[in-house]
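# Structure at a glance
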Amino acid sequence: MNSTDGSPFAAAHGEAKLPTHLRKKRLGARPLVHETAVVRDSRFGKFCKIGARTTVIETAFGDYSYAVNDCEIVYSEIGKFVSIGALVGLNPANHPMERAAQAHFTYRSWQYFEDIADEEEEFEKRRAQRVTVGHDVWIGRGAIVLPGRSIGNGAIVGAGSVVTKDVAPYTIVAGNPARVIRRRFSEAVAERLDRLAWWDWTHSQLRKAVPDFRSLSVEAFLDLWEPRATRMADPQD
């Protein structure tokens, strides 16, 4: 049996039988955006992927980051190698609950009345409260990150969590509201990872490191690659 993309891997794993948005496709310099996704005024780095029925508005994605199906990502800055699960919401809208009426007609007024424009100030408030996501972050299925929150490098947000406060680097949070479960690594290891900054390596350097990412403990990986990274950064080496 041959797959639709002709690859042996796809044929061996029955890829041709899967829905289009689930089939494996090779990524590259141009973002892979599903035909049902909605993207407006956003930027994408290399090897990015946006899944089916996902909406991305005024957001920047760093290299190698992806969001799978049915996400809503608005007014956000997303680092490199960020993994965003299905049904995630980043920066959902707040309503003006301090007013006598908090419904759409008070600020999306053009849709209801011929002689009044939308309240641009209300949308500017939202733009000013951007969500910031660091590098190598994993945001689980159905999580919500409220306006203005930041998530540090290497953090994990558990499925279904509602993030109401900033998330520290290399920390696992979960729940509603999201609370700290534990740290992924010690402070010392976290600092070493940030100094190594493997997310800034070239594509070829990443390829060379794949076997070590797979097989070594984080400490062993750092012991091996810290001196190598120093040499890579030295133009005279």
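### With respect to the sheet that holds strand β6 (residues 60-61)
Spatially, β3-β6-β9-β12-β15 is the arrangement adopted by the five strands of the open sheet, whose pairing is parallel. Strands at the two margins of the open sheet, each flanked by one partner only, are β3 (43-44) and β15 (150-151). Note: strand β12 (residues 131-133) against β15, two bridges, orientation parallel. By the bridge assignment, Thr132 is partnered in β15 with Ser150.

### A few points about the nonpolar core
Generally speaking, soluble globular proteins have nonpolar side chains that are buried together. Of all hydrophobic cores here, the largest spans 25 residues; its most connected members are Phe61, Ile84, Ile139 and Ile151. In contact with Ile151, not counting residues within four places along its chain, are Thr132, Val133, Gly134, Val137, Ile139, Val145, Val157 and Val167. Within the second largest apolar cluster, 20 residues are counted, among which are Tyr64, Trp198, Phe221 and Trp225.

### Remarks on the packing of aromatic side chains
Going through the model one piece at a time under the given rule, you end up with 14 aromatic pairs. Each ring, one from Trp201 and one from Phe213, has its centre 6.4 Å from the other, and the planes form 50°; the classification is tilted. With Trp201 in the loop between α3 (187-196) and α4 (203-215) and Phe213 in helix α4, the pair connects residues that are 12 residues apart, well separated along the chain. Residue Trp201 is classed as buried on the basis of its relative accessible area, which comes to 8%. Aromatic rings pair up to connect Phe47, Tyr64, Phe81, Trp198, Trp199, Trp201, Phe213, Phe221 and Trp225 into one cluster. In this arrangement the basic side chain of Arg228 is found over the ring face of Trp225, its NZ or CZ atom lying 4.8 Å from the centre.

### Considering the confidence of the model for the protein chain
Across the protein chain, the average pLDDT comes to 91, with 88% of residues at or above 70. Ignoring residues within four places in sequence, the model shows residues 1-6, a span with pLDDT below 50, making 12 contacts including any to other chains.

### Section: unusual backbone geometry
A cis amide bond links Asn176 with the next residue in sequence, Pro177, at an omega value of -5°. Here Pro177 is to be found in the loop between β18 (171-174) and β19 (179-183). In this structure, Tyr64 is a non-glycine residue whose phi angle is positive, near 70°. Here Tyr64 shows up in the loop between β6 and β7 (66-67). With a phi close to 60°, Asp70 is a non-glycine residue in the positive phi region.

Here is what the cut-offs are and how they apply
Residues numbered from 1 in each chain as written. Predicted model: local features only at pLDDT ≥ 70, side-chain atom pairs only at ≥ 80, totals over all residues. Heavy atoms only, no water. Pairing = 2+ DSSP bridges. Helix = DSSP H or I, 4+ residues; strand = E, 2+ residues; numbered from the N terminus. Core = buried A, V, L, I, M, F, W, Y, C linked by side-chain atoms within 4.5 Å. Buried < 20%, exposed > 50% of the residue type's maximum accessible area, 1.4 Å probe, protein only. Contact = heavy atoms within 4.5 Å. Phe/Tyr/Trp six-rings, centres within 6.5 Å; stacked < 30°, edge-to-face > 60°. Lys NZ or Arg CZ within 6 Å of the ring centre and 35° of its normal. pLDDT = per-residue confidence, 0-100.

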